Amino acid sequence: MREILDAHVAEPGLAVVEVAAADDATAFAIQELLAARCAIAPADRTTREPGKPGVRLRCFLDLRQEPGS
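Because the structure is predicted, anything quoted here is derived from the model rather than measured.

So, the pairing of strand S3 (residues 55–62)
The side chains of a regular strand alternate between both faces of the sheet. Counting buried positions along S3 yields six of eight residues, so the element is predominantly enclosed. Pairing between strand S1 (residues 14–21) and S3: eight bridges, direction antiparallel. Bridging across to S3, valine 16 finds its partner in phenylalanine 60.

Shown next as structure tokens:
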């Protein structure tokens, strides 16, 4: 995964969430739960690290905004 930049967390209310899950469906279900509560820049795919179990998904949250804004 790419590096988290200072701009991603430059102000209060901004967050980067990395989900580790057994499979894609679980990772995307977690992302949907987050999207129901705050504005989110969703991920469109998961990543796998060779030799490590499961998948990873990173999304960017803005707690200052309502979902869907």
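What to know about the sheet that holds S1
If you trace the three strands from one edge of the open sheet to the other, you get S1-S3-S2, paired in antiparallel fashion. One side of each edge strand has no neighbouring strand; the edge strands of this open sheet are S1 and strand S2 (39–41). Between one strand axis and the next, the sheet turns by 35 degrees as a mean value, whatever way the strands run. Packing of helix H1 (residues 24–35) onto the sheet brings it into contact with S1, S2 and S3, and relative to S3 it is tilted by some 10 degrees.

A word on the nonpolar core
Counting residues in each nonpolar core, the largest one holds nine residues, listed as Val19, Ala21, Ala27, Cys38, Ala43, Val55, Leu57, Cys59 and Leu61. Per element, the largest residue contribution to this core is four residues, and it comes from S3. Apart from residues no more than four positions distant in its own chain, alanine 27 is found in contact with Val19, Ala21, Thr46, Val55 and Leu57.

About the cut-offs
- Residues numbered from 1 in each chain as written.
- Predicted model: local features only at pLDDT ≥ 70, side-chain atom pairs only at ≥ 80, totals over all residues.
- Heavy atoms only, no water.
- Buried < 20%, exposed > 50% of the residue type's maximum accessible area, 1.4 Å probe, protein only.
- Helix = DSSP H or I, 4+ residues; strand = E, 2+ residues; numbered from the N terminus.
- Pairing = 2+ DSSP bridges.
- Axes fitted to C-alpha atoms, helices over the stretch in contact; angles between N-to-C directions.
- Contact = heavy atoms within 4.5 Å.
- Core = buried A, V, L, I, M, F, W, Y, C linked by side-chain atoms within 4.5 Å.

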